[in-house]
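# Observations on chain architecture
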Amino acid sequence: MSFIPGLGIAKGMGLTLRRFFAPKATIQYPETAPDVAVRFRGRLQLLYDELGNVKCETCFQCAQACPVECIDMGGFDTRGRFHVHWGAAEQFAERREESALRRSGRPVPDTAYEHFGGIDTAPVDAILKRHDYDQKMILAILADIQDVYGYLPVAALKRASQVSGAPYALLYGTATYYSQFHFEKPGRTVAICRCTTCALAGAGRVARTLARELHTEIGRRPTAGGVALESLHSHIAGAASPLVTLDGRPHPVTAASAAAWARSLTAASESPASAGRTDA
Amino acid sequence: MNRDAILTAPARFPRLLLPAGEAGPATDLSAAVEAGAFAALRKAVEELQPQGVLAAVAESGMLGRGGSGLTLGDKWRACARAGAAGDAHYVVVNGYQSDPAVQTDRVLLETNPFAVLEGAAIAAFAVGAAEVLVAVRVEAADAIRTLETAIEAAEKAGYLGEGILGSTVDIRVSVSPLQGSYMLGEETVLLKALEGKRGQPEQQPPYTTERGLFGKPTLVHGPQTLAAVPVILNGGMDGFEWTGPRDFAGTVLVQLSGAVLRPGIAEVPFGVTLSEIVDIAGGLPPSHRLKALLVGGPSGGILPPEAMSLVYDHENLERAGAHIGSGSIVVVDQHSCVVDLAAVLTRFCADEACGKTIPCRIGLRRLAEIGSRICEGQPRGDEVTRLSDLAHDVAASALCAHERRATLALASLVRYFRDELDAHILRNSCPAGICHPKADARAGATS
């Protein structure tokens, strides 16, 4: 084979030239949408962090987007706010938690199924009829269901999904986003205003103390018999800062008195629960 | 009810949004019409036609109050052009106002509902929308009641509803009370909530003017922007002599709170300085010294006392590391700790994040943790560098405005309050005496 000077460069430039006139594959997303099948959703992959925990946030975006409703999920949501009651218990974190408890010889709480208790779903049908089974009215429908039962029972949501034809993930995923919806029977609730004026008056320190003393975090689901800690979405006009409410009524609390007050709250609500525990 | 929260501004400040002086009940339509309400709508329908309105709004060069940098004219033109022929268009009034401490939009809707409704009707007429949705907080019960009464009265008088002002144009207005998330103030999240969906922001483009509510072209504006529209058409912005740039002509509602004598709401023209605004609230109480200004609400920036000479408009605040945001201005005195304030605000923004983008969901949480470590006197290594790097990365990879601005509080701390940070990190002491880093560290060790 004879050596021709510049052959390599010519070959390279030839390729460049061919590519230059070939049709372009780059799509200017999001200005231009890619041309894919209507039901194409990409490939699903669950990611794990370095400790082996599923990184899933249980945000229900994938389940809501799934055209054939084949995605289900279970376990606690990542912020520990509530139990996700969707799909079989054999999925993901739930199974793992259960077997860990069994191995350590502790009783396994049946949290996955306590929410499936039978309820009278006749009011759900009436509510759906009143809203004309309209999927755009989901927020109003959920609010009405919560008005009837005091919380959102899974059986009621399943019924609503069945009757209206709205995917369960759509109902459940929407309900989990808005803070006014609850999935457990409401207990005592301490709410703290987090507006800028209250922040300046020490609401941050009050919130830290309350969270430590109530063994919870803001927005997190309380342990059985515990007191829930939430944030107020709007400062009550005329109320003093920092504003803390107990079951909706303002309660004067300062950074100094917060710890003692929280302890008195937990002592009051713990006594019946601990009595029940000794009986069992 | 909230009218007594309105502060009396100097007489030289014009009042374009809030009713001047002692007005009667806000829902009295005949009194409002006598004062000039719906004159601009009549002019639009009978004289200008949609094209004329678009031209007049474009000529005014006014920018939306949300700070997106788009002029009203461009936004309205884009919305009017978008969509197939006969496609539904929507106008959404974003009166949700997520900042828990601010009630400016609520007060505007309560005291001057017809101005907002008229502005929304003109916008709907210009872009060809038959439906206007006014999103309000459930907690703002007075505003909802006022709006519903006002809409009913205006429909009866033929200003809204079917065939407005004797024309063939229909404009139906409805009130949508919403609740449950701080994020609903973001426009794409608000549209999701109005559709009855989970509130997650969407990538833009496509902009809401092309694909908004139910996938249709939608115009989203705050009540203050819309209330200024009739003023534009009536020629009220002409000869508006203020030092601010022309495209930001007009007034804005601010909420003053913190260490001021008279906290409340004031209407100020763009182009005045922050010290002039703080003076409306009576300035600081005697023996209180100005330490900082929190401008823009929970996701705002913390500015040093020198910022009092700063001109209050979008551009100047952005350059200083703050933004108009909710219109909140909180005065911080020497008894408060800016490090604690920034840490608490960042924690709030992290808790309220929707979780769609990872830099926001995890980055803001880490930022809040750095903030509370500094407050508790347990810094790990070079926290300031870590903080500025992370804040920069989160803001650079932001999907929505919340993510971009939630980093402002801590970032402005690094920029303006290095001595306070150093006092906490290096000397383990808090100049305001509230963080008690050492005491907290001991409590953490024993528990």
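My aim in this report is to walk through the structure given alongside it, one point at a time. (Residues numbered from 1 in each chain as written. Chains lettered and ligands numbered in written order. Predicted model: local features only at pLDDT ≥ 70, side-chain atom pairs only at ≥ 80, totals over all residues. Heavy atoms only, no water.)

Glancing now at empty space enclosed by the protein. All names here are of chain B. In this structure the tally under the stated criterion is six cavities of 30 Å³ or more. Estimated volume of the largest cavity: approximately 70 Å³. Along the wall of the largest cavity there are 13 residues; nearest its centre are Gly-95, Tyr-96, Gln-97, Arg-106 and Arg-137. At the level of elements, α4 (104-111) and β2 (131-137) are the ones that each hand at least two residues to the lining of the largest cavity. For the lining of the largest cavity, the element with the highest residue contribution is α4, accounting for three residues. Looking at the lining of the largest cavity, its residues break down into six nonpolar, three polar and four charged. Approximately 60 Å³ is the volume attributed to the second largest cavity. Around the second largest cavity, the lining residues are Met-183, Pro-201, Ala-353, Cys-354, Gly-355, Lys-356, Thr-357, Cys-360, Leu-399, Cys-400 and Glu-403. Looking at the lining of the second largest cavity residue by residue, the classes come out as seven nonpolar, two polar and two charged. (1 Å grid on protein atoms, 1.4 Å probe; cavity = no way out; pocket = protein on both sides within 12 Å on 5 of 7 lines; lining within 4 Å. Points joined across faces, edges and corners; volume = space filled by probe spheres on them. Helix = DSSP H or I, 4+ residues; strand = E, 2+ residues; numbered from the N terminus. Nonpolar A, V, L, I, M, F, W, Y, C, P; charged D, E, K, R; others polar.)

Contact residues are listed per partner, giving 51 residues for chain B and 34 residues for chain A. Broken down residue by residue, the surface that chain B buries against chain A is led by Pro-100, Gly-180 and Arg-198 of chain B, which jointly contribute 18%. At the junction of chain B and chain A, the tally comes to four salt bridges. Note that Asp-340 of chain B is salt-bridged to Arg-205 of chain A, the shortest N-O span being 3.7 Å. At the boundary of chain B and chain A, one finds 10 residue pairs in polar contact (both at pLDDT 80 or more). If you list the elements that add at least two residues to the side of chain B that touches chain A, you get α7 (187-194), β5 (251-258), β9 (328-333) and α11 (338-352) of chain B. Among the elements that make up the side of chain B that touches chain A, the one with the highest residue count is α11 of chain B (eight residues). Here the residues of the side of chain B that touches chain A sort into 25 nonpolar, 14 polar and 12 charged. (Contact = heavy atoms within 4.5 Å. Buried area = accessible area lost by both parts, 1.4 Å probe. Salt bridge = Lys/Arg side-chain N within 4 Å of Asp/Glu carboxyl O. Polar contact = N/O pair within 3.5 Å; in protein donor to acceptor, adjacent residues only side chain to side chain.)

This next bit is on the sheet that holds β2 of chain B. Residues and elements named next belong to chain B. In space, the four strands of this open sheet follow the order β3-β2-β1-β4, with parallel pairing throughout. Among the strands making up the open sheet, the edge pair consists of β3 (172-178) and β4 (218-221). Here the average twist between neighbouring strands, direction ignored, is 20 degrees. Sitting on the sheet, helix α8 (residues 223-233) touches β1 (90-95) and β4, and the angle it makes with β1 is about 120 degrees. (Pairing = 2+ DSSP bridges. Axes fitted to C-alpha atoms, helices over the stretch in contact; angles between N-to-C directions.)

For the rest of this paragraph, the subject is the side chain of Asp-105 of chain B. All names here are of chain B. Looking at the secondary structure, you find Asp-105 in helix α4. Despite its burial, Asp-105 pairs with no opposite charge; the closest candidate is Arg-137, at 9.2 Å N-O. In terms of polar contacts, Asp-105 uses its side chain to reach the side chain of Gln-224, at 3.0 Å. Not counting residues within four places of it along the chain, the set of residues in contact with Asp-105 comprises Asn-94, Gly-95, Gln-97, Pro-223 and Gln-224. (Buried < 20%, exposed > 50% of the residue type's maximum accessible area, 1.4 Å probe, protein only. Lys, Arg positive; Asp, Glu negative; His and termini not counted.)

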